[in-house]
Amino acid sequence: MKLKKPVDVDLYKFVIKGEFDFIETGQTKEWILNNFPDPDRIGDMGHDLYIWLYGNIEFHFDKEILFTIWCDNFAELNAGKNISLDKWIFDNVKELTVSKMIKVLNQEKLNFTLVHKYGSVIIRILDSNVDLYFSPEYGENYINTDTDNLCFSAFGLSHEDYRQKLK
């Protein structure tokens, strides 16, 4: 859909409530094309898997259904030409540590789970089901890594049918 002005997306609302404007996992490509701006690029991954890119924010589709909203490229976080992005705490992710994120989540009085897995940490916000990933920098030792030396590396919201079990 062509719009006269960009859609406003607030990453605070995304993390806290799982809201990415009116986009929800489980929606169809057709619904999104009729109610949301056109993507900047579309990637065909084969086997009926597609990635629509809005800047470096990704919508992952299995056949016709949106199953994940994902971003793992924070060097220059942007949402393309059709989305105006309020980055909230993701404006400077180089300084975003696990303990700083936990402090923010506690200030917001949010329930979350924290899982240590393969030298990384995943924080799942229980109300929104958004996952926040913290990993060692490329080339660092993945074992015995101090959590505050982990880098914020990704966020994602997956449809319940695709959501990984955190254990």
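Located above this text is the structure these notes cover.
Model, not experiment: these values are computed from the prediction.

**Comments concerning the packing of aromatic side chains**
Now for step 1: In total, this model carries 17 aromatic pairs according to the counting rule given.
Now for step 2: For the ring pair Phe90 and Phe152, a centre distance of 5.1 Å and an interplane angle of 35° mean the geometry is tilted. You can see Phe90 sitting in the loop between β6 (83–86) and α3 (98–107) and its partner Phe152 sitting in strand β10 (residues 151–158), a full 62 residues away along the chain. You'll find Phe90 and Phe152 in the same group, each marked buried.
Now for step 3: Between Phe134 and Phe152, the aromatic rings sit 5.2 Å apart at their centres with planes inclined by 70°, giving edge-to-face as the arrangement. With Phe134 in strand β9 (residues 130–135) and Phe152 in strand β10, this residue pair connects regions lying 18 residues apart in the sequence.
Now for step 4: Exposure remark for Phe134: the relative accessible area of 0% places this residue in the buried category.
Now for step 5: Lying over the aromatic face of Phe61, Lys29 brings its terminal NZ or CZ to 5.9 Å of the ring centre.

**Quick notes on the nonpolar core**
In globular proteins that are soluble, nonpolar side chains generally tend to be buried together.
Now for step 1: Residues Phe20, Phe59, Phe90, Leu132 and Phe134 are the most contacted members of the largest nonpolar core, which totals 40 residues.
Now for step 2: Take this core: its biggest share by element is four residues, from helix α1 (residues 11–17).
Now for step 3: Not counting the four nearest positions on each side in its chain, Phe20 is found in contact with Val9, Phe14, Phe36, Ile57, Phe59, Ile69 and Ile83.

**Thoughts on the side chain of Asn56**
Now for step 1: Within the fold, Asn56 resides in the loop between β3 (49–54) and β4 (57–62).
Now for step 2: A relative accessible area of 10% means that Asn56 is categorised as buried.
Now for step 3: Within the local environment of Asn56, its side chain forms a polar contact with the backbone nitrogen of Asn78, the two atoms lying 3.1 Å apart.
Now for step 4: When neighbours within four sequence positions are excluded, Asn56 is seen to be in contact with Trp70, Cys71, Asn73, Glu76, Leu77 and Asn78.

Each value, and the rule that gives it
- Residues numbered from 1 in each chain as written.
- Predicted model: local features only at pLDDT ≥ 70, side-chain atom pairs only at ≥ 80, totals over all residues.
- Heavy atoms only, no water.
- Phe/Tyr/Trp six-rings, centres within 6.5 Å; stacked < 30°, edge-to-face > 60°.
- Helix = DSSP H or I, 4+ residues; strand = E, 2+ residues; numbered from the N terminus.
- Buried < 20%, exposed > 50% of the residue type's maximum accessible area, 1.4 Å probe, protein only.
- Lys NZ or Arg CZ within 6 Å of the ring centre and 35° of its normal.
- Core = buried A, V, L, I, M, F, W, Y, C linked by side-chain atoms within 4.5 Å.
- Contact = heavy atoms within 4.5 Å.
- Polar contact = N/O pair within 3.5 Å; in protein donor to acceptor, adjacent residues only side chain to side chain.

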